[in-house]
Amino acid sequence: MIALKLVDLHKSFGVTPIIRGVSLDVHAGERHAVIGPNGAGKSTLFNLVSGRFAPTSGAILLKGEPITGRAPFEIYRRGLARSFQVTNIFPRLSVYENIRCSVLWSLGYGYSFRRRVSMLRDANERSEAILERIRLASRRDVQAGVLTYAEQRALEIGITIAGNAEVVLLDEPTSGMSRDEAAAAVDLIRSISQGRTLVMVEHDMSVVFDLADRISVLVYGEIIATDVPERIRANAAVQTAYLGAAVDA
Amino acid sequence: MSEAGRATGVLAPSTRSVLARLEQHRLWLVAALILVALPYVPGLTGNFGRSLLSQMGIAAVFALSYNLLLGQTGLLSFGHAVYFGLGGYAAIHLMRAISGGLPIPMPLVPLAGAATGLFFGLLFGSVTVRRAGVIFALISLGVGELVYALLRMLPAISGGEEGITANRTVGLHVFGLTLGPQLQIYYLIAFWAFVSAALMYAFLRTPVGRMCNAVRDNAERAEFIGYDPVRVRIVVLAVAAMFAGLAGGLHALNYEIVASEAAGTGRSGAVLLMAYIGGVANFLGAILGAVTITWLQVNLSDYTTAWQLYLGLFFVIFVLFAPRGLAGLIVMHREVARTRAFFGLLRAYAIALLPAIVMAIGAIVLIEINYRSATQPEAGPKMTLFWIDIDTSTPWPWLAAIALLAIGYWLFRRSLPAVSSAWEHAAEAARTQR
């Protein structure tokens, strides 16, 4: 089954084309990495899929349903959540509140003003469980804005997975982390991607080859190859376009 | 921080929430007792005192409703008085209808204000909150001017500048309440203020209330966890407008008159002043700001015609030096107040306060002399300031004022290092104590 399907997607900013005809099938349950040199359009691609920008042309289908040009909250409600490359949290809310706000929609509380959040058992239990999972339980009452960088990255992932979305997009989840922090993040990503479809943009090749079931290589707004890691490593076009330099480094 | 987190983490979540709930209820109980006792506090037992308390209660509801917008959702409005004024008009017309024989008890009149506020909040909200920030602020200013102008153009409804009057003592007298004495009207206002505050506090703890804070912090991320920030803002604007309308209804009951200024820019500005002086992001701050500004408005105007100028200065000083307002100052001192070093800090404050007073006297004399010679030249050069007769045609009062200002400023600056070192000392003590 195909969880996410991109059909001939184009995006231009003014006259500058950034995404130039991307087609891609992401299978349900797979961990799919998108790699490519800086400026290839990886983040833009995520922004199109998650509804932050509307594509210039082309179509995006989530579980077979078109979501092209929909607002982010509509796409989220259909089961796609994303994280951000630049940490994008609720800085003045506590860590716990960050997570609890992120579970509310998926549990069906919507815009309710008749119930107190402290009385919502399912929301609080799930929030506690997610805090444990992202290892921030000891920091639950701290303002999110004063967390360390690595902690904010973990919270970023926590917010993304809190709503139990079937398809999760992670934008450079280990960027700016030390080796140890990145290793912990890989464990976390591996555990949260159980039973979900994961698409991630990542620069760290060891993380990519460690985690991904399949890899797509995006160069100047086009996907030049999509395949399993071993064959991506061996692909001559990929080597010349991008990977050789990165692997040697 | 992490130690505190670990300490609370020891308790099971259920125990913690029960304790927290008890703590909350205790605060509300204390608040209710204070509201009941206030009109019997010496100095507040007269009509003036009780009328002041009534005004504070109205202002507190209005400021709390504004806190929902600015403090909790990050919506800076320059036209919040629109809902206060429209609610006030709905209430005053209902009061007239009751005089005409409509069988509704007078104490329920504020609900008409609330319903009107809610209606217009939904109406204007659905078109003004597409964008937050500067755009919303400017649109709110425009809506404010528009409504004010409309009210002035419809004197049959608004009574224009003279306003519409009514009598609150007619109609059904529930429990024998005539609403004649100021004490009765105070208790009615206190009741509605208490209910409003509790409801607004509860609102902030509902799913949509929590999302108000989330939208304030990061509207974009809110979209990526399933919420439409525009919808959240419409909800909060409608709720805030409802309570502003209720405050307007209380205003109608208290004064038995509503004029177009009730919806004017001046009132919209005053509530912004209350929010900043009390502390923008703080629920209690709104009440503190409302009480302080109302007190200043009522008292300063007795002493000087330049009271608005002082209010403005007060506002500027707060925004510059205490941007988190009175509530921020309290929060800042809460931990150091438990240390012994706090007394050293108080001493340093007292020492700095003396030159500050000298400086303030110099400034006040200068302002008063200038204000009077500019606005009331016919009053002549002789005036009395601080119980001293002065003649402004001679240079001496001017020189004395400038000297006080300069000397006060110089001494004040010299006292500041002692304040900051006392603060460091106290903060250090608070850290080690924890």
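Conventions we followed
- Residues numbered from 1 in each chain as written.
- Chains lettered and ligands numbered in written order.
- Predicted model: local features only at pLDDT ≥ 70, side-chain atom pairs only at ≥ 80, totals over all residues.
- Helix = DSSP H or I, 4+ residues; strand = E, 2+ residues; numbered from the N terminus.
- Rg over C-alpha atoms; globule rule 2.2 N^0.38 Å.
- Buried ≥ 20, exposed ≤ 12 C-beta atoms within 10 Å, placed from the backbone.
- Contact = placed C-beta atoms within 7 Å.
- Core = buried A, V, L, I, M, F, W, Y, C linked by C-beta atoms within 7 Å.
- Nonpolar A, V, L, I, M, F, W, Y, C, P; charged D, E, K, R; others polar.
- Domains from an automatic or database assignment.
- Axes fitted to C-alpha atoms, helices over the stretch in contact; angles between N-to-C directions.
- Parallel < 35°, antiparallel > 145°, perpendicular 65-115°, else oblique.
- pLDDT = per-residue confidence, 0-100.
- Pairing = 2+ DSSP bridges.
- Right-handed = clockwise from strand over helix to strand, strands pointing away.

> What's the story with the overall build of chain A in this structure? I'm lost.
Tallying secondary structure elements over chain A gives 9 helices and 10 strands in all. A compact globule built from 249 residues should have a C-alpha radius of gyration of about 18 Å, and chain A, at 18 Å, falls within 12% of that. A total of 249 residues make up chain A; the buried ones form 45% of that total. Taking as baseline every contact in chain A between residues at least 6 positions apart, the subset at least 24 positions apart corresponds to 64%.

> In this structure, what is going on with the overall build of chain B? I would like to understand it.
When helices and strands are tallied, chain B shows 17 helices and 4 strands. Over its C-alpha trace chain B gives a radius of gyration of 24 Å, about what one expects of a compact globule, namely 22 Å for 434 residues. Once the C-alpha set of chain B is aligned to its principal axes, its extents read approximately 70 × 65 × 45 Å. Within the span of chain B, comprising 434 residues, buried residues form 43% of the whole. Considering only contacts within chain B whose residues lie at least 6 apart along the sequence, 78% involve residues at least 24 apart.

> I would appreciate a short explanation of the nonpolar core in the present structure.
One broad trend across soluble globular proteins is that nonpolar side chains are buried collectively. Residue and element names in this part refer to chain B. Formed by 178 residues in total, the largest nonpolar core has its most connected members in F62, A63, F243, M274 and A290. A total of 18 residues in this core trace back to one element, the largest contributor, which is helix α11 (residues 229–255). Look past the residues within four positions of M274 in its chain and what remains in contact with it is A59, A63, A286, G289, A290 and I293. Listed in part, the 6 residues of the second largest apolar core include V358, V365, L404 and F412.

> How do you make sense of the interface of chain B and chain A when you look at a structure like this?
Much of the literature gives interface size as the accessible area that the parts lose upon coming together. Contact residues are listed per partner, giving 31 residues for chain B and 38 residues for chain A. Of all the elements in the fold, those that place two or more residues in the side of chain B that touches chain A are α1 (2–9), α2 (13–37), α8 (182–204), α9 (207–217), α10 (219–223) and α11 of chain B. Of the residues forming the side of chain B that touches chain A, the biggest block, 8 residues, is contributed by α9(B). Tallied by class, the residues present in the side of chain B that touches chain A amount to 12 nonpolar, 10 polar and 9 charged.

> How should the environment of A97(B) be read in this particular structure?
Relative to the helices and strands, A97(B) resides in helix α4 (residues 81–99). For the pair A97(B) and G171(B), spaced 74 residues apart in the sequence, the C-alpha separation amounts to 9.6 Å.

> Sorry, what's going on with the domain arrangement of chain B here?
All names here are of chain B. Under the domain assignment, chain B is made up of domain 1 (27–325) and domain 2 (335–433). Distance from the C-alpha centre of domain 1 to the C-alpha centre of domain 2: 33 Å. Taken together, the 4 residues of domain 1 in the interface contact 4 residues of domain 2. Among the residues forming the side of domain 1 that touches domain 2, the class breakdown is 2 nonpolar, 2 polar and no charged.

> Got a minute to help me understand the packing of α4(B) against helix α6 (residues 133–153) of chain B in this structure?
The relative placement of two packed helices is expressed as an angle between their axes plus a distance between the axes. All names here are of chain B. Following both chains from N to C, one finds α4 and α6 inclined at 25°, their axes separated by 9 Å at the closest point. Taken as axis vectors, α4 and α6 run roughly parallel relative to one another. Residues A81, V82 and G85 of α4 touch α6, and the partners they reach there are V143, G144, V147 and L151. When its residues are assigned to classes, the contact of α4 with α6 shows 5 nonpolar, 2 polar and no charged.

> Would you mind going over the environment of S175(A) with me for this structure?
Residue and element names in this part refer to chain A. Here S175 lies in the loop between β7 (167–171) and α6 (179–192). Residues S175 and A150, spaced 25 residues apart in sequence, show a C-alpha to C-alpha distance of 9.5 Å. Non-local contacts of S175, meaning those with residues more than four positions away in its chain, are made with Q85 and H203.

> Any chance you could explain unusual backbone geometry here in plain terms?
Most of the time, phi is negative for any residue but glycine, and the peptide bond is trans. All names here are of chain A. Here the phi dihedral of D8 falls at roughly 45°; this positive angle occurs in a residue that is not glycine. Note on placement: D8 falls in strand β1 (residues 2–13). Owing to 12 C-beta atoms within 10 Å, D8 belongs among the exposed residues under this scheme.

> How should I be thinking about helix α15 (residues 325–334) of chain B in this particular structure?
Within an α-helix, residues lying three or four positions from one another point in the same direction, as the helix has 3.6 residues per turn. Taken as a whole, α15(B) has its buried residues at G325(B), L326(B) and A327(B). Close packing links the buried residues of α15(B) with α12 (265–278), α13 (283–303) and α14 (307–321) of chain B.

> Explanation requested: the confidence of the model for chain B in the structure shown.
Detailed reading of the predicted model is not advised wherever pLDDT is low. Residues and elements named next belong to chain B. Of the residues in chain B, 94% reach a pLDDT of 70 or more, and the chain-wide mean stands at 88. Confidence drops under a pLDDT of 50 for residues 1–10, and excluding neighbours within four residues, the segment shows 12 contacts in the predicted structure. We note a pTM of 0.88 for the whole complex and an ipTM of 0.92 for its interfaces.

> Explain the pairing of β7(A) here, please?
Moving residue by residue along a regular strand, the side chains alternate between the two faces of the sheet. Residues and elements named next belong to chain A. Among the 5 residues in β7, 5 count as buried, and that is most of the element. Pairing of strand β6 (residues 80–82) with β7, which is carried by 3 bridges, proceeds in the parallel orientation. Considered in β7, the bridge of L80 is made with V167. In terms of strand pairing, β7 meets strand β8 (residues 197–201) through 5 bridges, oriented parallel. Bridge pairing in β8 links D171 to V201. Taken together, β7, α6 and β8 form a β-α-β motif whose crossover is right-handed.

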